Amino acid sequence: MTDLPADLAAAVRRLAEGRKGLMDSSARISEHYRQRGASRQVIGGAEDAIAYALSRMPATYAAVSAVLEELQARAPEFAPETLLDAGAGPGTAGRAAAEAFGGIAPTLMDHNRAFLALAGTLAEGTALAGAELLEADLGQFELVTRYDLVTCAYALTELPDAEMLAAAERLWRHSDGVLAIIEPGRPRDYQRLMAVRGRLIELGGRVLAPCPHERDCPLVEPDWCHFSVRLSRSRDHMRMKGATLGYEDEKYSYLVVARPHIGKPAPGRVLRRPEENKFSVTLAVCGADGLETRVVPSRDRPAFKAAKKLDWGDVTSE
């Protein structure tokens, strides 16, 4: 499991103490986000921002951390010194990046002042301390600075289709190294990411993950490319979500696109949970040549043992 750093979780809990309207705020925010509304329409002040942090920050942090771990595996030499977290919200992706890449200088950008204020508070005394807080709209911003790493987590999903590609191009222009986009693991957001993927390839980007190739995605409806990460739920998190389970599985889709000199894509990717019995392990794999089904028989003991360790989203050999 990938959980919020203890100091961050404690800071959010402290800010929530004594606030009685958080559950109502959380329910309203959750419904609004299910309808893909923009955060400016529902995050109106400090209480709303804290409610969002309690209910959504853990899952966002887990998904972003998983994507950055994949980036490090695909480009172990990549050591970014500067970060733009675009659509930063309360600074979730920025904190994940600061944990993954020590010493990075962060800029947290969002159009919502309540989010930026909360991000600044939560950054105090952490790896994000001293982060530049920048009020700007994801759909319109233009900055002079370029950054080694640009992250955009659960933010493009708020933009209408007509603005999404232009925003993705703008993010790419501001990246000197790697652009990581993380979105909800829904068919609609996957389809939009595929449009972004195609455009960034046209602009000279190299897809590091999750794809092992730069052809058109071989999946056809109703299938779509998405992944899952498990995180534990605190008591406050369970209360805000009205949940009974002590864990949550966050579904997400993502793209990691790099300048051509950075990293190397995986040779293959497991697209769903393997099917296993005592005779074989069956893997659905996206490889350099597209989709394939790999059946690893138990009689090939080394390969069978290795295949049993693979899970949804893992990298395969050639």
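To start, this report covers the structure provided alongside it. Keep in mind that what you see is a predicted model, and the values were worked out from it rather than measured.

Reading the values: rules and limits
- Note on numbering: residues in each chain are counted from 1, in written sequence order.
- Only residues with pLDDT of 70 or above have their local features reported here, since the model is predicted, and side-chain atom pairs are shown and tallied only from 80 upward, although totals for entire chains, interfaces and linings are computed over all residues.
- With hydrogens and water stripped out, all remaining heavy atoms of the structure feed into the side-chain values.
- The definition of a nonpolar core used throughout is a set of buried Ala, Val, Leu, Ile, Met, Phe, Trp, Tyr and Cys residues joined through side-chain atoms within 4.5 Å.
- The cut-offs for exposure are 20% and 50% of the maximum accessible area for each residue type, with area from a 1.4 Å probe on protein chains only; residues under the lower value are buried, those over the upper are exposed, and the others partly exposed.
- Comment: elements are numbered from the N terminus, with helices defined as DSSP H or I runs of at least four residues and strands as E runs of at least two.
- Contacts: residue pairs with any heavy atoms within 4.5 Å of one another.
- Any helix carries an expected span of 1.5 Å times its number of residues minus one.
- Take a side-chain nitrogen of Lys or Arg and a carboxyl oxygen of Asp or Glu: if they are within 4 Å of each other, that pair is a salt bridge.
- Two rings belonging to Phe, Tyr or Trp (six-membered ring only in the last case) form a pair when the distance between their centres is within 6.5 Å. Interplanar angles under 30 degrees mark stacking, angles over 60 mark edge-to-face geometry, and anything in between is tilted.
- Two N or O atoms count as a polar contact when they lie within 3.5 Å, although within protein this holds only if one can serve as hydrogen donor and the other as acceptor, and sequence-adjacent residues are included solely when both atoms are side-chain atoms.
- Think of each axis as a best-fit line through the C-alpha atoms, taken over the contacting stretch in the case of a helix, with angles from 0 to 180 degrees between the N-to-C directions.
- Our angle categories are set so that under 35 degrees counts as roughly parallel, over 145 as roughly antiparallel, 65 to 115 as roughly perpendicular, and the remainder as oblique.
- Left-handed is the label given to a crossing in which the near helix is rotated counterclockwise from the far helix by less than a right angle, and right-handed is the label when the rotation is clockwise.
- All residues other than Ala, Val, Leu, Ile, Met, Phe, Trp, Tyr, Cys, Pro, Asp, Glu, Lys and Arg, Gly among them, are scored as polar; the first ten of these are nonpolar and the last four charged.

## Concerning the nonpolar core
One finds L71, L138, L149, I182, Y252 and V256 to be the most contacted residues of the largest nonpolar core, which totals 91 residues. Sort the elements by how many residues they give to this core and helix α3 (residues 46–74) lands first, with 15 residues. Among residues more than four places away in sequence, those in contact with L149 are L71, F78, P80, T82, L83, L84, A97, F101, I104 and V178. Counting residues in each nonpolar core, the second largest holds 6 residues, with V281, V285, F304 and A307 among its members.

## Some words on helix α7 (residues 187–202)
Taking 1.5 Å as the rise per residue, α7 with 16 residues should run 22 Å; its terminal C-alpha atoms sit 23 Å apart, in good agreement. Check the buried side of α7 and you find it contacts α6 (161–173), β5 (175–184), β6 (206–209) and β8 (247–258). Just past α7, the residue G204 takes up positive phi, approximately 100°.

## Comments concerning the pattern of salt bridges
A complete count under the given rule lists 19 salt bridges for this structure. The partner of R56 in a salt bridge is E250, with the nearest N and O atoms 3.1 Å apart. Taken together, the positions of R56 in helix α3 and E250 in strand β8 put the pair 194 residues apart, joining distant regions of the chain. Of the residues examined, R56 reaches a relative accessible area of 18% and is grouped as buried. Judged by relative accessible area, which is 8%, E250 ranks as buried.

## Quick look at the environment of P160
Assignment of secondary structure puts P160 in the loop between β4 (147–153) and α6. Between the C-alpha atoms of P160 and G139, which are 21 residues apart in sequence, the distance is 9.6 Å.

## Overview of the side chain of H174
Mapped onto the secondary structure, H174 falls in the loop between α6 and β5. For H174, the residues in contact, after removing those within four places along its chain, are L84, F141, E142, L143, T145, R146, Y147 and V150.

## Some thoughts on the packing of aromatic side chains
By convention here, two paired aromatic rings are described through the distance between centres and the angle between planes. Inspection of every chain in the model, using the stated rule, returns 5 aromatic pairs. Taking 6.3 Å as the distance between ring centres and 45° as the angle between the ring planes, the aromatic pair formed by F227 and Y252 counts as tilted. Remark: Y252 occurs in strand β8 and F227 occurs in strand β7 (residues 227–232); sequence separation between them is 25 residues. We note that F227, like Y252, is buried. Between Y252 and Y254 the ring centres are 5.9 Å apart and the planes differ by 40°, which places this aromatic pair in the tilted class. Exposure class is identical for Y252 and Y254. Each is buried.

## Let's talk about helix α1 (residues 6–16)
Considered for burial, the residues of α1 that qualify are L8, A10, A11, V12 and A16. Just downstream of α1 lies G18, where phi reads positive at about 80°.

## Description of the environment of T82
Secondary-structure assignment places T82 in strand β1 (residues 82–86). Put simply, T82 and V150 are 68 residues apart on the chain and 8.6 Å apart in space, counted from C-alpha to C-alpha. Discounting chain neighbours no more than four positions away, the residues touching T82 are I104, A105, R146, Y147, D148 and L149. In terms of polar contacts, T82 uses its side chain to reach the backbone amide nitrogen of D148, at 2.9 Å.

## With respect to the packing of α6 against α7
Direction vectors running N to C along α6 and α7 enclose 45°, while the axes themselves pass 10 Å from each other. Taken together, the axes of α6 and α7 are oblique relative to one another. When the axes of α6 and α7 are compared, the crossing they make is right-handed. Along its contact with α6, which presents D161, M164, L165, A168, E169 and W172, the element α7 presents R188, R192, A195, V196, R199 and L200. Residues of the contact of α6 with α7, tallied by class, amount to 7 nonpolar, no polar and 5 charged.

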